[in-house]
Structures are given as structure tokens and as C-alpha cells.
Number of protein chains: 2
Amino acid sequence: MEIILASQSPRRRELLERMGIRNFRVVSADIDEREEEQLPPEQLVCRLALRKAEAVAEKAPKGAVIIAADTVVSLDGTVLGKPGDKLEAFKMLSTLSGNRHQVYTGLCVIWDGDKRTEYEVTDVTFRELGEKEIEDYIATGEPMDKAGAYGIQGYGALLVERIEGDYYNVMGLPVCRLGTVLLELGVDCLALAAGRERE
Amino acid sequence: MEIILASQSPRRRELLERMGIRNFRVVSADIDEREEEQLPPEQLVCRLALRKAEAVAEKAPKGAVIIAADTVVSLDGTVLGKPGDKLEAFKMLSTLSGNRHQVYTGLCVIWDGDKRTEYEVTDVTFRELGEKEIEDYIATGEPMDKAGAYGIQGYGALLVERIEGDYYNVMGLPVCRLGTVLLELGVDCLALAAGRERE
């Protein structure tokens, strides 16, 4: 069974590998994300994940499993995307400091005409950050390509006091939920991993 | 300033590196853990972290910063250690299935005669697991060297539905808390990381 990840994100690729999936192709889904901007976050991520999956499914061979995801950070109802420059990163991190926000990841799996679209939300609480800490964090270069201007798996771990929900959802892929969806489609990640180990 | 990690755990080493600490030594702390077994988990992990740190501090050069940690898994007041064999791993994972348990990590930092001992607790909720899933997970080889018979950073990610608290605490080191303790001692992880990037 061919598996296609409809995402260029190196973090999603790494997580799919960590789930025990070894043979998959990465196909970029080029969609215009702007038209959905006014939707609430849980609808936005589902809609974008669905559109990414559909765009890739159109050109995919029959029987392939397509996996797509989209992640946004939401603070008090405002969606934070990737920062455009260092000043924007500074403003985003200043608003996240000492506060709790939400990370939404929409997930869409298409297989043999069957479509499953779901989302997962994780609460993330930042500790209080000083101005110099925010400037140092931006200087590490980590914030610029990430929604909300931080990466929980990097130096961002030093900023996050606690989370409530799936950690991997914050990284961009709800691993536990995706595992159960794949299991329903007949892709058993644990059995695959065990099989490789037994060989 | 010399930094010594009083732990052989490859996961703690990886996390210290991820915090931006590059130059540190690993020194094994050989202590007999059995005499503390009757303590409640939050006292147990603090006591063991303190004893590990003290054992290493005795032989360390003056002015060195010693970091030690100890992690246990607790379900309904029962402490789960590392499984002795596959059957024990099966029993542990069966009791964790569909339930919420606690992961306690005690942290001790010794510097110039000053001792800081703290602990962090994270709630972890497993999804319902079938017998075959548990057998497959054990067959991956992942459970055997880990408290509670799972690793959240590996295939164990497929078992964990949600957590409440610090994710890295479940891996064995409360990164955010350690970062603030080190900051108080004058070791600024973010400034170190930023400095390397600016070079």
C-alpha cells in the first residue's frame, strides 16, 4: 500500500517515520490558503488539511493513502501564523509570554475515495519571558518558519511550562489519532515496527 | 563553568543538548536505590536525585554545576519501575491501557555548595490498547529499559492520547524548570544558543 504525505514539513516527515512508517512519498500540496482566513481555527485547519489532501489525491495512483495536516496557533481567538520578520516574531512571543494558547492541527486521510477529516487541539502555557530572553530566542533563528514563532521541540522547550493534550499535535501531527485512523484503514504501525524488529 | 550530568541516560543527555548546553561531562552516579523504595513517588524521586547529585559532587572539581534526575511512573499510588522481563512489561502496559497515570521526575542541581532539589509531575493518559498491540509494542524492544515499560518519544507516542504537564518530564528531564534553575545560577541557555548562532 502506497502512503503519500501531502506536506513538505520536515517535522511531519520525522513524526511519520517515528510512528514506524518507513516507505512513504512526500508530495507538496500547493493551495492558496488565503480564502479560508476568516474561519475559526478548528474549521480552518480541517478545511486546509482537506484541500491539501484533495490536491494531492487528484494526481495520486489508485489505492494510495494520502495524509495531510495543517497547524495554527490561536490566542484568545486570534490565529497566529508564521512571523513575517523579527519584529513580528517579537510581538507574537510577547503576547504568548505568561499566557495559555491553543494549537490546532487538522488531519485529513484519503484512501480509496474515503475521506476522514478530524482535528486535535492542545493547550500550551508559556512561562513569563523577559525581553532579552525573547530577543535571544529570535537570534537562535528558530522562530521564523513556525506558526506562533516557536518550536516546542527545539529551544522552545525552554519557554513551555506545560501542555494539555497531544504533544505531537503541537509539532504538527497528532500521532496517536493518526495511528488509530491508519489502523482502521488496515495500516498497523505497531505491527510494522514489531515485524521489522523480529526480522 | 563546568557542567556535569550525573546520569547515563541517553535521553537526558539528548535533552541537555537540546537546551543549548554543549559542553558537559557525563558521570555515572552509582547509588543503591533500594533503601528508598517505601517513600511516596514525589519524595522518592527527590531523594534519589539528591543522592545521585551528592555522589557525583564529592568527586567533582570546585565550582562545577552538577545536574541529577530520577524518574518514576506511578499508577494509583503504585510505583512502576523498569520491567524485569516481557511478561512484566505486558502486565504494566495492560494496567496503563485506558488509564491516566503520573510521571514524577526529581531534579537536583548542586553548585558551589548550594543545593536545589525540586520535582515535576506530568499526567499521562493512555488510549485503550488491545492485547496484540501490547505484544507488538513489546516486540519492538522499546519497553525494556524504561520505567512503566514505555517511551513517549518513540513508538510509545502511538499509545499516549494526552498529557498534562511538561512533556520532557516524561522523557526524564523537566527542561523548562531546569532552564530557570540554571538561569538563576548564571547559566543562560538561550543566550548561549543565540551566541553560537551569531558567531
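Residues numbered from 1 in each chain as written. Chains lettered and ligands numbered in written order. Predicted model: local features only at pLDDT ≥ 70, side-chain atom pairs only at ≥ 80, totals over all residues. Heavy atoms only, no water.

1. Considering the packing of helix α3 (residues 86-96) of chain A against helix α4 (residues 131-139) of chain A
All names here are of chain A.
And then number 1: At a minimum axis distance of 10 Å, the contact between α3 and α4 shows a crossing angle of 130 degrees. Judged by the angle between their axes, α3 and α4 are oblique. In the packing of α3 onto α4, the handedness of the crossing is right-handed. Across the interface between the two elements, Lys86, Ala89, Phe90, Leu93 and Ser94 of α3 pack against Glu131, Ile134, Glu135, Tyr137 and Ile138 of α4.
And then number 2: Looking at the contact of α3 with α4 residue by residue, the class counts come to 6 nonpolar, 1 polar and 3 charged. (Axes fitted to C-alpha atoms, helices over the stretch in contact; angles between N-to-C directions. Helix = DSSP H or I, 4+ residues; strand = E, 2+ residues; numbered from the N terminus. Parallel < 35°, antiparallel > 145°, perpendicular 65-115°, else oblique. Left-handed = near helix turned anticlockwise from the far one by under 90°. Contact = heavy atoms within 4.5 Å. Nonpolar A, V, L, I, M, F, W, Y, C, P; charged D, E, K, R; others polar.)

2. Here we look at the packing of aromatic side chains
Residue and element names in this part refer to chain A.
And then number 1: Tallying each qualifying case throughout the model produces 9 aromatic pairs over all chains.
And then number 2: Ring centres 6.0 Å apart and planes at 40 degrees place the aromatic pair tyrosine 104 and tyrosine 119 in the tilted group. Here the residue tyrosine 104 occupies a position in strand β5 (residues 100-111), and tyrosine 119 occupies one in strand β6 (residues 114-126), the gap between them amounting to 15 residues.
And then number 3: Relative to tyrosine 150, the ring of phenylalanine 126 has its centre 4.9 Å away and its plane inclined at 80 degrees; by these criteria the two rings are edge-to-face. (Phe/Tyr/Trp six-rings, centres within 6.5 Å; stacked < 30°, edge-to-face > 60°.)

3. Quick word on the confidence of the model for chain A
And then number 1: For chain A, per-residue confidence averages 94 on the pLDDT scale, and 99% of positions sit at 70 or higher.
And then number 2: Model confidence for the complex: the whole-complex pTM is 0.94, and ipTM, which rates the interface, is 0.93. (pLDDT = per-residue confidence, 0-100.)

4. Topic: the side chain of B:Asp136
And then number 1: Looking at the secondary structure, you find B:Asp136 in helix α4 (residues 131-139).
And then number 2: Under the relative-accessibility criterion, B:Asp136 is labelled buried at 4%.
And then number 3: Those residues within four positions of B:Asp136 in sequence are excluded, and the remaining contacts are A:Asp188, A:Leu190, A:Ala191, A:Ala194 and A:Arg198. (Buried < 20%, exposed > 50% of the residue type's maximum accessible area, 1.4 Å probe, protein only.)

5. Structural notes on unusual backbone geometry
All names here are of chain A.
And then number 1: Positioned with a positive phi, aspartate 76 is a non-glycine residue whose angle comes to about 50 degrees.
And then number 2: Residue aspartate 76 is classed as exposed on the basis of its relative accessible area of 72%.
And then number 3: Phi at alanine 149 takes a positive value of approximately 70 degrees, unusual for a residue other than glycine.
And then number 4: Mapped onto the fold, alanine 149 is located in the loop between α4 and β7 (160-165).
And then number 5: A relative accessible area of 0% means that alanine 149 is categorised as buried.

6. Comments concerning the relation of the copies chain B and chain A
And then number 1: Once chain B is rotated about the relating axis by 180 degrees and shifted along it by 0.0 Å, it coincides with chain A to within an RMSD of 0.0 Å. Taken together, these values place the two copies in the relation of a two-fold axis. Relative to the rotation axis, the closest C-alpha in chain B is found at B:Glu164, a distance of 2.2 Å.
And then number 2: Counting the interface residues of chain B, we find that 100% of their copies in chain A are interface residues as well, pointing to one common contact surface. (Least-squares fit on C-alpha atoms with pLDDT ≥ 70 in both.)

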